[in-house]
Amino acid sequence: MTNTIPTTLYRAERLAPLLDSADDIGDAETDSYRGLGFLAVRSLLTDSEVRGVLDGLAAVVRTPSAASVDFEKWAQPQELDPDNLLDGVRKLQGFCAHEPRLAELARHPAILTTVARLLGAEPVLTQDMALLKPPGGGREKPWHQDKAFFDIPLGTPVVGVWIALDEATIDNGCMHVLPGTHEEGPVVHFVRRDFQICDTEVQTHRDTAVPLPPGGALFFDGLLHHGTPPNLTETRRRAVQLHYVPAGTVRTPTEDRLEVFGAEGKDATC
Ligand SMILES: O=C(O)CCC(=O)C(=O)O
């Protein structure tokens, strides 16, 4: 495997169907989630809620002690416009505990109701992060399973909620998923461009792209294979991602995870 990105990795020959809102999620949609490993809604957050989340993320970047902040390799933070610092950021992590607007997002009623239904249990936030894919070089997040990053028992259900804060398109790096792969167990990951599934193992013929408008969301299972291509456009592709587990879930030793997902994942973060 090389560190260049094979162009065939994100085929996008199929698009995910979108429900209008979380209110449309009933028993049939929950069954569909169980079978496919994901469901997507066009409208989860209002425009003003999206603005509040972006303002919260911008505040976090100005006070980096309030979270972990990684800039893109090419970005020089001191040279960025202070009002647009997010345009150089690749990833922010661990902000909900420090920023009130982001804490409120993690408690959003439509998110908690939907996640409780999909988890089949009372949800507790286990991870919060934002991958921002700035224009003109926001990096790929290669194909992976999120459970490869979490020190929890393998059988514990995990629901991820990925929320578009700008229009997420096929060209600027929207989410791609392989439907049904959550039923096929854990896959060994390797550190290449990231901690990822080997490019040659990705079943690209199953690729389904999930373009979303701002405020739209993807709910997905912690074992679903998913990834996002680089942003090669001049438009922003900012998104926030929350992961929930059932209340009472205990942490397990990192060694247990590495045994299943591969020893190269020792210090990997989602
Ligand atoms: O926002 C992205 O580009 C991908 C996020 C993701 O899949 C992850 O961090 O697990």
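Below, the structure is looked at part by part.

**Some words on the overall build of the protein**
Along the backbone of the protein there are 5 helices and 15 strands. Relative to its length of 270 residues, the protein is compact, with a C-alpha radius of gyration of 17 Å against a globular reference of 18 Å. Taken along the three principal axes of its C-alpha coordinates, the protein extends 45 × 45 × 40 Å. Every one of the 270 residues in the protein was classed for burial, and the buried ones make up 43%. Once local pairs closer than 6 in sequence are excluded, the contacts in the protein between residues at least 24 apart make up 83%.

**Description of unusual backbone geometry**
The phi torsion at Ala-12 lies on the positive side, around 50 degrees, for a residue other than glycine. Mapped onto the elements, Ala-12 comes out in the segment before β1 (14-15). For Lys-133, which is not glycine, the phi dihedral falls at a positive 35 degrees. For Lys-133, the location among the structural elements is in the loop between β6 (123-131) and β7 (141-144).

**Examining the nonpolar core**
Judged by nonpolar contacts, the single largest core of 59 residues is most densely connected at Phe-38, Ile-163, Leu-218 and Phe-219. Looking at this core element by element, the count peaks at 6 residues for helix α2 (residues 47-62). When near neighbours in sequence (up to four residues on either side) are disregarded, Phe-219 contacts Tyr-33, Phe-38, Leu-39, Thr-114, Leu-118, Val-159 and Val-161.

**Some points on the sheet that holds strand β9 (residues 175-177)**
The strand order across the open sheet formed by 5 strands is β1-β12-β9-β14-β7, and the pairing between neighbours is mixed. Of all strands in the sheet, those bounded by a partner on one side alone are β1 and β7. Bridge count for β9 against strand β12 (residues 208-210) is 3 bridges, and the pairing is antiparallel. Looking at β12, one finds that His-176 is bridged to Ala-209.

**Some words on the sheet that holds strand β4 (residues 68-71)**
Overall, mixed pairing links the 8 strands, which are arranged β2-β3-β13-β8-β15-β6-β5-β4 in an open sheet. Each edge of the sheet is formed by a strand with only one pairing partner; in this case those strands are β2 (18-21) and β4. Averaged over all pairs of adjacent strands, the angle between their axes in this sheet comes to 20 degrees, without regard to strand direction. Relative to strand β3 (residues 38-43), β2 is paired through 3 bridges, and the arrangement is parallel. Opposite Leu-18, over in β3, you have Ala-40 as the bridge partner. Against the sheet, helix α1 (residues 27-36) makes contact with β2, β3 and β13 (217-221), and its axis sits at roughly 130 degrees relative to β3, the strand it touches most.

**A short note on the pairing of strand β5 (residues 89-93)**
Where β4 meets β5, 4 bridges bridge the pair, whose relative direction is antiparallel. Directly across from Ser-68, in β5, lies its bridge partner Gln-93. Judged from the 3 bridges that link them, β5 and β6 form a sheet pairing that is antiparallel. Each bridged residue has a counterpart across the sheet, and for Leu-92 the counterpart in β6 is Ala-130.

**With respect to helix α4 (residues 109-119)**
Those residues of α4 that sit buried are Ile-111, Thr-114, Val-115 and Leu-118. For α4, the buried positions fall inside an angular range of 95 degrees around the axis, keeping them on one side. Looking at the packing, one finds that the buried side of α4 touches α1, β6, β8 (159-164), β13 and β15 (239-246). Note on α4: the residue one or two positions beyond its end, Gly-120, has a positive phi of about 75 degrees.

**Let's talk about the environment of Asn-231**
Of note, Asn-231 is situated in the loop between β14 (226-228) and β15. C-beta crowding within 10 Å serves as the criterion here: with 25 such atoms nearby, Asn-231 is assigned to the buried category. In the structure, Asn-231 is positioned 187 residues away from Leu-44 in sequence and 23 Å away in space, judged by C-alpha atoms. Apart from residues no more than four positions distant in its own chain, Asn-231 is found in contact with Lys-133, Pro-134, Pro-135, Gly-138, Asn-172, Gly-173 and Arg-237.

**So, the pairing of β6**
In this structure, β6 lies alongside β15, joined through 6 bridges in antiparallel fashion. In the sheet register, Leu-125 faces β15, and the bridge partner there is Tyr-244.

Criteria and cut-off values
Residues numbered from 1 in each chain as written. Predicted model: local features only at pLDDT ≥ 70, side-chain atom pairs only at ≥ 80, totals over all residues. Helix = DSSP H or I, 4+ residues; strand = E, 2+ residues; numbered from the N terminus. Rg over C-alpha atoms; globule rule 2.2 N^0.38 Å. Buried ≥ 20, exposed ≤ 12 C-beta atoms within 10 Å, placed from the backbone. Contact = placed C-beta atoms within 7 Å. Core = buried A, V, L, I, M, F, W, Y, C linked by C-beta atoms within 7 Å. Pairing = 2+ DSSP bridges. Axes fitted to C-alpha atoms, helices over the stretch in contact; angles between N-to-C directions. Arc of directions from axis to C-beta.

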